[in-house]
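As a plain string of letters, each chain reads:
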Amino acid sequence: GAGVSQSPRYKVAKRGQDVALRCDPISGHVSLFWYQQALGQGPEFLTYFQNEAQLDKSGLPSDRFFAERPEGSVSTLKIQRTQQEDSAVYLCASSHELAGGNEQFFGPGTRLTVL
Amino acid sequence: RKEVEQDPGPFNVPEGATVAFNCTYSNSASQSFFWYRQDCRKEPKLLMSVYSSGNEDGRFTAQLNRASQYISLLIRDSKLSDSATYLCVPYTGNQFYFGTGTSLTVIP
């Protein structure tokens, strides 16, 4: 595909359940970002990868959140023991070059609802 | 203090009107700046990059004032299709900081 894809598009989880969200960036894109967007808010930075290296994870809200990009392409965001406050849209974005203020291309997001 | 502050609106303007959005950012080390638009329940999409003092792209003009740490977006001759949320995004270090967004509705 030509764009960033994410799966699943919608996820409903019971509180305490673990979830895994997948991001397929645009082929060849070096930089990959994860964001969390709560209703009525702008996207909040979670973490950043340059190829397979996670260079910044300062935005991850707790140690229940974990992200990886082992081969420098597909990335997975894992949330353990989900809580209701984790309910949000999780957006993935990729960029062709090293993060230096270049255009990010966003995926459609995964809408997570924790009951 | 928030990294980015925007007036959330909503701004309701008639077709053909000119509308301006303002944004302030707190980190003077911010290196570059962007405006993204986000349609309801969709992902953000880049509208404009803002380098040096500003730039223009058709009906859209973005300006940057580093001394005041202020960015603006001007939309001339508003179209119905401009209805969206406009997100101000300074880039600092490895992070893009998104504002809460300003909601615009263009009315026929």
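Computed from a predicted structure; not experimentally measured.

1. Topic: the overall build of chain A
The helix and strand tally for chain A stands at 0 helices and 11 strands. What you see in chain A, going N to C, is helices and strands ordered as β-β-β-β-β-β-β-β-β-β-β. Taking 2.2 N^0.38 as the reference for a compact globule, 115 residues should give roughly 13 Å; the C-alpha atoms of chain A span a radius of gyration of 13 Å, in line with that estimate. When its C-alpha atoms are laid out on the principal axes, chain A stretches across 40 × 25 × 25 Å. Residues counted as buried form 47% of the 115 residues belonging to chain A. Residue pairs at least 24 apart in sequence account for 54% of intrachain contacts in chain A once pairs closer than 6 positions are excluded.

2. Comments concerning the sheet that holds strand β1 (residues 4–6) of chain B
Residues and elements named next belong to chain B. The sheet built from 5 strands is open, its strands ordered β1-β3-β8-β7-β6 with antiparallel pairing. Strands at the two margins of the open sheet, each flanked by one partner only, are β1 and β6 (54–57). The average angle at which neighbouring strand axes cross in this sheet is 15°, direction not considered. Pairing geometry for β6 and strand β7 (residues 60–65), over 4 bridges, is antiparallel. Its bridge partner lying in β7, Asp57 is registered against Phe60.

3. Overview of the pattern of salt bridges
All names here are of chain B. Scanning all chains against the criterion turns up 7 salt bridges over all chains. Arg37 is the partner of Asp39 in a salt bridge, and the nearest nitrogen-oxygen pair spans 2.7 Å. For Arg37, a relative accessible area of 18% corresponds to the buried category. The salt bridge partner of Lys79 is Asp77, with a shortest N-O separation of 2.9 Å.

4. Things to note about the state of the cysteines
Chemically, a disulfide is nothing more than a covalent bond linking the sulfur atoms of two cysteines. For the structure on display, the rule yields 2 disulfides over all chains. Each sulfur of the disulfide joining Cys23(A) and Cys92(A) lies 1.9 Å from the other. Handedness of the Cys23(A)-Cys92(A) disulfide follows from its S-S torsion of about -65°: it is left-handed. You can see Cys23(A) sitting in strand β3 (residues 19–24) and its partner Cys92(A) sitting in strand β9 (residues 88–95), a full 69 residues away along the chain. Summarising the burial analysis for this pair, Cys23(A) and Cys92(A) share the class buried. What pairs with Cys23(B) in a disulfide is Cys88(B), and their sulfur atoms sit 1.9 Å apart. Sign of the S-S torsion, about -70° for the bond between Cys23(B) and Cys88(B), identifies this disulfide as left-handed. Here the residue Cys23(B) occupies a position in strand β3 (residues 19–25), and Cys88(B) occupies one in strand β9 (residues 84–92), the gap between them amounting to 65 residues. Grouping residues by exposure puts Cys23(B) and Cys88(B) together as buried.

Rules behind the numbers
Residues numbered from 1 in each chain as written. Chains lettered and ligands numbered in written order. Predicted model: local features only at pLDDT ≥ 70, side-chain atom pairs only at ≥ 80, totals over all residues. Heavy atoms only, no water. Helix = DSSP H or I, 4+ residues; strand = E, 2+ residues; numbered from the N terminus. Rg over C-alpha atoms; globule rule 2.2 N^0.38 Å. Buried < 20%, exposed > 50% of the residue type's maximum accessible area, 1.4 Å probe, protein only. Contact = heavy atoms within 4.5 Å. Pairing = 2+ DSSP bridges. Axes fitted to C-alpha atoms, helices over the stretch in contact; angles between N-to-C directions. Salt bridge = Lys/Arg side-chain N within 4 Å of Asp/Glu carboxyl O. Disulfide = S-S within 2.5 Å.

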